[in-house]
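Below, each chain spelled out in residue letters.
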Amino acid sequence: MKRMLSGIKPTGQLTLGNYIGALRNFVNYQDDYEMIVFIANLHCITEYQEPKQLRKNLTDAVALYLACGLDPNKATIFLQTDVKEHAQRGYIMACNTYLGELNRMTQFKDKAKKAVGNGTEMIPTGLLMYPVLMAADILLYDADAVIVGQDQKQHMELTRNIAERMNKKYAKRNNGQPLFKIPEPYILKT
Ligand code: LTN
């Protein structure tokens, strides 16, 4: 069975758009794929979250996913921070990613511009590192496919580039075997 992965970042109220865009697909795919779904709470805090509200958003998201038919007997569902390897692998990915690549990410540029627009000129480093952590999330699980929204397409491309780069760089150390499976993006239509 092919393995499919997705991360959910519940920073606000879940909407009908979430249901149509993501939820429905997870439920459809859980019979045909080995589904791994996690709540990306480390990604949530790249922008300030009121702690109580964040905790509520996390549990609300899980409740909604279960209510919509995501079946814990079929899919693996967990919290990103419960698997310490996400953060650890994120560091290793950062050592194999160029500052130029991260600076070019459109989501980073938009969010950085907003921080400056607020008059603070304080851009959290976590915003820059966001795609590196996402690459770690994906490559940890040797996923065949990753479900993402259109806005995450560039992050998926970077993930594939990092994987290919590390496969080349470390092939000799791994008996010629690639370190990582190169995952296919499944881009959601909204
Ligand atoms: N960046 C995604 C959430 C996310 C994710 C992932 C999705 C974090 N890690 C790994 C797929 C695979 C978002 O903003 N929705």
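Everything below is about the structure printed above this text.
This text gives an overview of the structure that appears in the document. Sequence order sets the numbering: in each chain, residues are counted from 1 along the sequence as written. Where totals are concerned, whole chains, interfaces and linings use all residues; where local detail is concerned, this predicted model gives features only for residues with pLDDT of at least 70, and gives and counts side-chain atom pairs only at 80 or more. Hydrogens are left out, water is left out, and the side-chain values use all remaining heavy atoms of the structure.

Another point: the side chain of Asp137. Secondary structure elements follow DSSP: runs of H or I no shorter than four residues count as helices, runs of E no shorter than two count as strands, and numbering proceeds from the N terminus. Tracing the sequence through the fold places Asp137 in helix H7 (residues 125-139). Among the polar contacts listed, one links the side chain of Asp137 to the side chain of His86, at a separation of 2.7 Å. In this analysis, two residues are considered to be in contact whenever any of their non-hydrogen atoms come within 4.5 Å of each other. In this view, Asp137 contacts Leu5, Phe38, His43, Gln80 and His86; residues no more than four positions away in its chain are not counted. In protein, a polar contact means a hydrogen-donor-capable atom and an acceptor-capable atom, both N or O and within 3.5 Å, with residues adjacent in sequence counting only if both atoms are side-chain atoms; elsewhere, any N or O pair within 3.5 Å suffices.

Okay, H7 next. For a helix, the expected span equals 1.5 Å multiplied by the number of residues minus one. Along its 15 residues, H7 runs 22 Å from first to last C-alpha, staying within 8% of the 21 Å computed at 1.5 Å per residue. The seven residues ending at a residue and the seven starting there each receive a fitted axis; the angle between those axes is the bend at that residue. The sharpest bend along H7 measures roughly 35° and falls at Pro131. Only protein chains enter the accessibility calculation, which uses a 1.4 Å probe; a residue is then buried when its area is under 20% of its type maximum, exposed when over 50%, and partly exposed in between. Within H7, 12 of the 15 residues are buried, which leaves it mostly tucked inside the rest of the structure. All buried positions along H7 are accounted for by Leu127, Leu128, Tyr130, Pro131, Val132, Leu133, Met134, Ala135, Ala136, Asp137, Ile138 and Leu139.

Okay, the packing of aromatic side chains next. Two rings from Phe, Tyr or Trp (for Trp, the six-membered ring) form a pair when their centres are within 6.5 Å of each other. A pair whose planes differ by under 30 degrees is stacked, one over 60 is edge-to-face, and the rest are tilted. One pass over the structure, following the stated rule, counts 6 aromatic pairs. Pairing Tyr29 with Tyr33 gives two aromatic rings, centres 5.4 Å apart and planes at 90°, and the pair type is edge-to-face. Residue classification places Tyr29 among the partly exposed positions, given a relative accessible area of 23%. Put simply, the rings of Tyr29, Tyr33 and Tyr186 touch in pairs and so form one group of aromatic residues.

Judged by nonpolar contacts, the single largest core of 29 residues is most densely connected at Leu5, Met93, Ile138 and Val146. In terms of residues, this core owes the most to one element, H7, which gives 9 residues. What Met93 contacts, discounting residues up to four positions off in sequence, is Val132, Ala136, Leu139, Ile162, Met166 and Phe180. Only buried Ala, Val, Leu, Ile, Met, Phe, Trp, Tyr and Cys residues count toward a nonpolar core, and they belong to the same one when joined by side-chain atoms within 4.5 Å. By size, the runner-up hydrophobic cluster in this structure holds 19 residues, among which are Ala22, Val37, Leu54 and Tyr65.

This part is about the sheet that holds strand S1 (residues 3-8). In this analysis, strands are considered paired if DSSP registers two or more bridges between them. Overall, parallel pairing links the 5 strands, which are arranged S3-S2-S1-S4-S5 in an open sheet. Each edge of the open sheet is held by one strand with a lone partner, namely strand S3 (76-79) and strand S5 (184-187). On average, each strand axis in the sheet is inclined to that of its neighbour by 25°, with strand direction left out of account. In this structure, S1 lies alongside strand S4 (residues 145-148), joined through 2 bridges in parallel fashion. Looking at S4, one finds that Leu5 is bridged to Val146. The strands touched by helix H8 (residues 153-169) within the sheet are S4 and S5, with S5 carrying the most contacts at an inclination of about 175°. Axis lines are fitted to C-alpha atoms, over the contacting stretch for helices. Their N-to-C directions set the angle, which ranges from 0 to 180 degrees.

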